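Close look at the chain arrangement
The residues making up each chain are set out below.
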Amino acid sequence: MAAASCLLTEDQFLCSICLDVFTDPVSTPCGHNFCKTCITTHWKMNVKCQCPNCKKLFYTRPELQVNTFISEMAAQFRQSAQQKASSSSSEQQVSKPGEVPCDICTGTKLKALKSCLVCLASYCETHLEPHLTKPGLKRHELIDPVENLEDRMCLKHDKLLELFCKTDQMCVCMLCTVSDHKTHDVVPLREEYEGKKAELGKTEAEIQQMIQKRRLKIEEIKHSVELSEEDADREIADGVQVFTALKESVERSQAELMDTIKEKQRKTKKQAEGFIKELEQEISELKKRSTEVKQLSHSKDHLHLLQSFTSLTAAPPTKDWTKACIHPYSFEGTVRRAVNQLEKTLSKQIQKLLPQIKLKRVQQYAVDVTLDPDTAHPNLILSGDGKQVKYGDVKKNLPDNPERFDLCNFVLAEQGFSSGRFYYEVQVKGKTYWNLGVVRESINRKVYNKPNLQNGYWTIWLKNENEYEALPNLAVRLSLKSRPEKVGVFVDYEEGLVSFYDVDAAALIYSFTGCRFTEKLYPYFGPCTNNDGKNSAPLIISPVSHTE
């Protein structure tokens, strides 16, 4: 037997689960071998009972018995390996602090290689030899070296603690079972060890699962932070856009105010300069006349004075300056009027910019929506790509699906949404009647129910060519500045919000707020009847072109 075991390799005696030499080896019906404890624990921790090696599935758990032949071979291999390891050691190590010393060595204590649970002693390589060679000692159980082997002895009976009292949850010796623990549930130490080891394995699996859940939560939190940062960046960008536009308006208004004041001052100055120039010209003429008068008054020639007097006494042509004055422009109220005008301008800009920013933001949640032919009323005609729907005068013979509308000219999208946000756009150009929005999955499609919140509809519609209404419990008339040609529909499921936008005007048409959604929502389309050809244009699901 020993010769035969020497021809076998180490891999043939290793359990593929614990990767150690077999302990109580058992064989599965498929022919593979494992430690009894390993395969039992493996099957307890897995739902399926299958071979870990070949994955063969057993529908009933096999009853396993220790294979004595393999067990003996494994024991001999373990002994041979220990002897080989013992003989191959050329130098024994001196025991260091923290290492278990040999109990037999005198003088210098060598490092222990094994501890014997029967002898309650630890042995170095030399003193371990009898346990590996002598028949009586080879049956002793050897373990990796441990200190304080006396702790493995019963303090009361001085016997080995080799049993476990499940009643008192403590280790006991054989004599304890006939005294203090006589009626208790006592099992071999190994059996309890295997059970506790299995519990520890289960606990470890639970801990790993908890760790994984927390790692996922960390990733979720990190993702939330990333989304928050993206929202913050968008909010900052939108804020910069708004305040830049407002700042430019303020600067333009300031420049216009300065120009107005300066222009008024320039006109005042120009008028004053004109008056001054005229006055200076008259002064020049008057000075010239004054000189002539002085010269004539000093003349000694009687005839010359009398002949020139008449022309000199006549007053030269001058302007009456008594009423002439400069009236400076009054700047009183100029700043106030400019500020009032600026306020009106800013208010208009804000009313224009904020809807644009809001529309740009919701467009980021655009989804690809296609029409579901299984829900379409038999009179409706759908395009091949599922993007257009219009009313047909001929009613088609279609299967009576539970999902199909029988009495109302409606059709739903194939895509439904039960969380998050989504947005899509529909072209309504050329139509005089239409109906758009979202509905809950459970709406009754076989009878006519007025579209309202109670019946699970969140829609708006155009009726009578120019009358727009929202449809909560009571119809709400909508006043629109322009006639939409493309309508955007946005839903925030968790927020309970359904909003409609005039895409071209970047204006909010209407919002349902405070809604409580409890089931899947589907985009909803109603092209209405043709109205003698006036309403023959289709509703078209359009690709979203993000507003700049």
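To keep things clear, this report deals only with the structure shown in the data block. (Residues numbered from 1 in each chain as written. Predicted model: local features only at pLDDT ≥ 70, side-chain atom pairs only at ≥ 80, totals over all residues. Heavy atoms only, no water.)

**Details of the overall build of the protein chain**
Helix and strand counts for the protein chain stand at eight helices and 21 strands. Taken over C-alpha atoms, the radius of gyration comes to 52 Å for the protein chain, far larger than the 24 Å a tight globule of 548 residues would show. Oriented by its inertia axes, the alpha-carbon framework of the protein chain measures out at about 180 × 90 × 50 Å. Restricting to contacts in the protein chain with at least 6 residues of sequence separation, those with at least 24 account for 57%. Working note: accessible area of the protein chain is about 34,600 Å², and carbon and sulfur atoms make up 53% of it. Averaging the coordinates of the 74 positive side-chain charges in the protein chain and doing the same for the 74 negative ones gives two points 6 Å apart. (Helix = DSSP H or I, 4+ residues; strand = E, 2+ residues; numbered from the N terminus. Rg over C-alpha atoms; globule rule 2.2 N^0.38 Å. Contact = heavy atoms within 4.5 Å. Areas by Shrake-Rupley, 256 points an atom, 1.4 Å probe, with all protein chains shown as cover. Lys, Arg positive; Asp, Glu negative; His and termini not counted. Charge placed at Lys NZ, Arg CZ, Asp CG, Glu CD.)

**Notes on the sheet that holds strand E5 (residues 142–143)**
Here three strands make up an open sheet; going across it, the order is E4-E3-E5 and the pairing antiparallel. The sheet is open, and its two borders are formed by strand E4 (121–123) and E5, each paired with just one other strand. The pairing of strand E3 (residues 114–116) with E5 spans two bridges and is antiparallel. Within E5, the residue paired with Cys116 across the bridge is Leu142. On top of the sheet, helix H4 (residues 125–133) reaches E3, E4 and E5; it is set at about 110° to E4, its chief contact. (Pairing = 2+ DSSP bridges. Axes fitted to C-alpha atoms, helices over the stretch in contact; angles between N-to-C directions.)

**Things to note about the pattern of salt bridges**
For the structure shown, the criterion picks out 17 salt bridges. Its salt-bridge partner being Lys463, residue Glu469 comes within 3.3 Å of it at the nearest N-O pair. On the accessibility criterion, Glu469 (7% relative accessible area) is buried. For Lys463, a relative accessible area of 21% gives the class partly exposed. (Salt bridge = Lys/Arg side-chain N within 4 Å of Asp/Glu carboxyl O. Buried < 20%, exposed > 50% of the residue type's maximum accessible area, 1.4 Å probe, protein only.)

**With respect to the pairing of strand E21 (residues 539–542)**
Every second residue of E21 is oriented toward a common face, with Leu539 and Ile541 on one face and Ile540 and Ser542 on the other, all of them buried. Bridge count between strand E10 (residues 388–391) and E21: two bridges; the pairing is antiparallel. Residue Gln388 lies in a different strand from E21, and its bridge partner there is Ile540. Two elements, strand E12 (residues 421–427) and E21, share three bridges in a ladder whose sense is antiparallel. Note that in E21 the partner of Gln427 across the bridge is Ile540.

**With respect to the sheet that holds strand E13 (residues 434–440)**
Strand order in the open sheet made by the six strands is E11-E20-E13-E14-E15-E16, with antiparallel pairing throughout. At either end of the open sheet lies a strand with only one pairing partner, and these are strand E11 (411–412) and strand E16 (476–478). Two strands pair when backbone bridges link them, and E13 and strand E14 (residues 457–463) are joined in this way by six bridges, in the antiparallel orientation. When the sheet's bridge partners are listed, Asn435 is paired in E14 with Trp461.

**Brief notes about unusual backbone geometry**
The phi torsion at Cys528 lies on the positive side, around 65°, for a residue other than glycine. When you line up the elements, Cys528 lands in the loop between strand E20 (521–526) and E21. Non-glycine residue Asn531 carries a positive phi angle of around 55°. Along the chain, Asn531 falls in the loop between E20 and E21.

**Section: helix H8 (residues 334–362)**
For H8, built from 29 residues, the straight-helix expectation of 42 Å at 1.5 Å per residue is met to within 8% by its first-to-last C-alpha distance of 42 Å. Within H8 the residues assigned to the buried category are Thr334, Leu342, Leu346, Leu353, Ile357, Leu359 and Val362. Contacts made by the buried residues of H8 are with helix H6 (189–297), E12, strand E17 (486–492) and strand E18 (497–502). (Expected span 1.5 Å × (residues − 1).)

**So, a nonpolar patch on the surface**
There is a patch of nonpolar side chains on the surface, built from Leu407, Val447 and Tyr448 and spanning about 320 Å² of accessible area. For Leu407, the position within the fold is in the loop between E10 and E11. Owing to a relative accessible area of 57%, Leu407 belongs among the exposed residues under this scheme. (Patch = residues over 30% accessible without salt bridge, like charges linked within 9 Å, V, L, I, M, F, W, Y side chains within 5 Å.)

**Examining the environment of Gly533**
Topologically, Gly533 is positioned in the loop between E20 and E21. With 300 residues separating them in the primary sequence, Gly533 and Asp233 have C-alpha atoms 49 Å apart.

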